[in-house]
Amino acid sequence: MGTGVLYALAAGLMWGLVFVGPLLLPEYPAALQSVGRYLAFGLIALPLAWLDRVRLRELTRDDWLEALKLAAIGNLLYYLCLASAIQRAGAPLPTMIIGTLPVVIAVSANLRDQRRDGRLPWRQLWPSLLLIGVGIGCVNSVELVALQREEGGDLGRYLSGALLATVAVACWTWYPLRNADWLRHHPGRSPRSWATAQGVATLPLALLGYALLWGGMAVADSPFSMPFGPRPLFFLGLMAVIGLFASWLGTLCWNEASQRLPTALAGQLIVFETLAALGYAFLLRGEWPAPLTLLGIALLVAGVLSALRVRPQAVATAAHAG
């Protein structure tokens, strides 16, 4: 249990980096940042795949199709929506909406995976979920008020950002549930190899997306300078950092956590991503969090610690019940 929590913490710290990219590259289209990040992920995965080729040969055609689905929805589509949301509504609103993932995943998994993982008793689970939810609200209320004051309340842009962030939540609710399914059904397979397989599966999708984006910009006579934009070295370096840490290594740590923890519990630990994203945002701003923000962070941590004390209960099968 403890090792699984540490892996989830490491994944959250690295995944928090994905909120930084759109803030550092505001002039770059979200689609270019999405395909750029996962193109870097795929290229990083290639030498790793060669080193791990023996285990990767054990994967069946169905396994590779599953890796492709996970890459398309949990990687490319998720980050496209998230980066677009951050650029349209600023960082606080998407952080708030993405921050609901621990609650959404925990509830979804507790309804869906009771027979496999056991049932986390709702009476014991709700206090931790409530603490996490209230904490997220506290952390973001200060940010949202400040954002509306600074940007003059562009409601249409704000709502479109909220919608895109909601789609991102849907993508990343589906991803850990399906990813955990595969890992739990293949306990003898290496989480590292599965992370590498997802990187390899991402590469052709990212290449296709990059080509389509470049071609579309050329047809539309876009002033944006392809292939790497106005700051090519910074763009390439940032994509490489995010591709290595937030994509491959973050996925590896999450896979390790998913094999050790019930899905409902692992889902709540995605709160570490929210905390990391907020920490990085304040470091970029050079500001200390407001008191209400600090209270929210304390509630988030308290919610996670509370959740760790909840133990799953076995669910009787129909045969046992009879």
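Summary of the structure given here. (Residues numbered from 1 in each chain as written. Predicted model: local features only at pLDDT ≥ 70, side-chain atom pairs only at ≥ 80, totals over all residues. Heavy atoms only, no water.)

Observations concerning the overall build of the chain
- If you tally the helices and strands in the chain, you get 16 helices and zero strands.
- In the chain, once contacts between residues fewer than 6 apart in sequence are set aside, the share between residues at least 24 apart is 90%.
- On the chain, roughly 14300 Å² of surface is accessible, and the fraction owed to carbon and sulfur atoms is 68%. (Helix = DSSP H or I, 4+ residues; strand = E, 2+ residues; numbered from the N terminus. Contact = heavy atoms within 4.5 Å. Areas by Shrake-Rupley, 256 points an atom, 1.4 Å probe, with all protein chains shown as cover.)

Topic: the nonpolar core
- Counting 81 residues, the largest nonpolar core has Leu 32, Tyr 78, Leu 82, Ile 98, Trp 172, Trp 194 and Trp 254 as its most contacted members.
- The dominant element in this core, judged by the number of residues it contributes, is helix H5 (residues 61-89), at 11 residues.
- For Trp 254, the residues in contact, after removing those within four places along its chain, are Ala 8, Ala 11, Trp 15, Trp 172, Pro 176, Asn 179, Ala 266, Gly 267 and Ile 270. (Core = buried A, V, L, I, M, F, W, Y, C linked by side-chain atoms within 4.5 Å. Buried < 20%, exposed > 50% of the residue type's maximum accessible area, 1.4 Å probe, protein only.)

Brief notes about the side chain of Glu 273
- When you line up the elements, Glu 273 lands in helix H14 (residues 271-285).
- In contact with Glu 273, other than residues within four places in its own chain, are Gly 12, Trp 15, Gly 16, Val 18, Phe 19, Tyr 78 and Ile 98.

Brief notes about unusual backbone geometry
- Going from Met 226 to Pro 227, the amide bond is cis rather than trans, its omega being 15 degrees.
- For Pro 227, the location among the structural elements is in the loop between helix H11 (191-219) and helix H12 (232-260).
- We note that Asp 221 has phi near 55 degrees; this positive angle belongs to a residue other than glycine.
- Its location among the elements puts Asp 221 in the loop between H11 and H12.
- Exposure remark for Asp 221: the relative accessible area of 65% places this residue in the exposed category.

Some points on the side chain of Ser 34
- In this structure, Ser 34 sits in helix H3 (residues 30-51).
- Separated by 3.0 Å, the side chain of Ser 34 and the backbone oxygen of Leu 76 make a polar contact.
- When residues no more than four places from it in sequence are discounted, the contact partners of Ser 34 are Leu 76, Tyr 79 and Leu 80. (Polar contact = N/O pair within 3.5 Å; in protein donor to acceptor, adjacent residues only side chain to side chain.)

Examining the layout of surface pockets
- The space that makes up the second largest pocket amounts to roughly 170 Å³.
- Lining the second largest pocket, in full, are Leu 275, Leu 278, Gly 279, Phe 282, Leu 283, Glu 287, Trp 288, Pro 289, Leu 294 and Ile 297.
- Looking at the lining of the second largest pocket, the elements with two or more residues in it are H14 and helix H15 (291-308).
- Looking at the lining of the second largest pocket, the element that brings in the most residues is H14, giving five residues.
- The residue inventory of the lining of the second largest pocket, partitioned by class, reads eight nonpolar, one polar and one charged. (1 Å grid on protein atoms, 1.4 Å probe; cavity = no way out; pocket = protein on both sides within 12 Å on 5 of 7 lines; lining within 4 Å. Points joined across faces, edges and corners; volume = space filled by probe spheres on them. Nonpolar A, V, L, I, M, F, W, Y, C, P; charged D, E, K, R; others polar.)

Topic: empty space enclosed by the protein
- Inspection of the entire model under this criterion finds five cavities of 30 Å³ or more.
- Of the voids in this model, the largest cavity is the one considered here, and its volume is about 130 Å³.
- Considering the residues around the largest cavity, the lining is formed by 13 residues, among which Trp 15, Arg 37, Tyr 38, Gly 74 and Trp 172 are closest to the centre.
- Only H3, H5, helix H10 (155-185) and H12 provide two or more residues apiece to the lining of the largest cavity.
- In terms of residue class, the lining of the largest cavity is built from seven nonpolar, four polar and two charged.
- Reported here for the second largest cavity is a volume of approximately 90 Å³.
- The leading source of residues in the lining of the second largest cavity is H14, at five residues.
- Of the residues in the lining of the second largest cavity, the class split is eight nonpolar, one polar and two charged.

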